[in-house]
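Given next are the chains, with one letter for each unit.
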Amino acid sequence: MDGKESEKTIRLKGMLQEALKPMTEKLEKLNEEVETVRKSQEKLQKMLEEIIMK
């Protein structure tokens, strides 16, 4: 019984991973975009600070 349950669990995990794959890929792309925006924001902040200092 345990062998069959673990096989079933393994299959379900595989099915879940496949079902979630598009969402996972979208989240990874969003994370990359967020990082890009964050870096741009940091650059803008530094530029603003330099302008204010002058």
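See the structure above.
Rules used throughout
Residues numbered from 1 in each chain as written. Predicted model: local features only at pLDDT ≥ 70, side-chain atom pairs only at ≥ 80, totals over all residues. Heavy atoms only, no water. Salt bridge = Lys/Arg side-chain N within 4 Å of Asp/Glu carboxyl O. Helix = DSSP H or I, 4+ residues; strand = E, 2+ residues; numbered from the N terminus. Buried < 20%, exposed > 50% of the residue type's maximum accessible area, 1.4 Å probe, protein only. Patch = residues over 30% accessible without salt bridge, like charges linked within 9 Å, V, L, I, M, F, W, Y side chains within 5 Å. Areas by Shrake-Rupley, 256 points an atom, 1.4 Å probe, with all protein chains shown as cover. Lys, Arg positive; Asp, Glu negative; His and termini not counted. Charge placed at Lys NZ, Arg CZ, Asp CG, Glu CD.

Undergrad: What is the right way to look at the pattern of salt bridges in this model?
TA: A full pass over the atoms with the stated rule returns two salt bridges. Among the ionic pairs, Glu-42 bridges to Arg-38, the shortest N-O distance being 2.4 Å. Within this pair, Glu-42 and its partner Arg-38 are both found in helix 1 (residues 2-53), separated by four residues, close to a single helical turn. Note on Arg-38: relative accessible area 37%, which makes it partly exposed.

Undergrad: What exactly am I supposed to notice about a nonpolar patch on the surface here?
TA: Taken together, the side chains of Leu-16, Leu-20, Met-23, Leu-27 and Leu-30 make up a nonpolar region of the molecular surface, amounting to roughly 490 Å² of accessible area. Among the secondary structure elements, Leu-30 is positioned in helix 1. The exposure class of Leu-30 is partly exposed, given its relative accessible area of 47%.

Undergrad: It is not clear to me how a negative patch on the surface should be interpreted in this structure. Could you clarify?
TA: On the surface, Glu-25, Glu-28, Glu-32 and Glu-33 cluster together to form a negatively charged patch. Using a relative accessible area of 55% as the deciding quantity, one classes Glu-32 as exposed.

Undergrad: What is the right way to look at the environment of Gln-17 in this model?
TA: Among the structural elements, Gln-17 can be located in helix 1. Residue classification places Gln-17 among the exposed residues on the basis of a relative accessible area of 60%. Separated by 13 residues in the primary sequence, Gln-17 and Leu-30 have C-alpha atoms spaced 19 Å apart.

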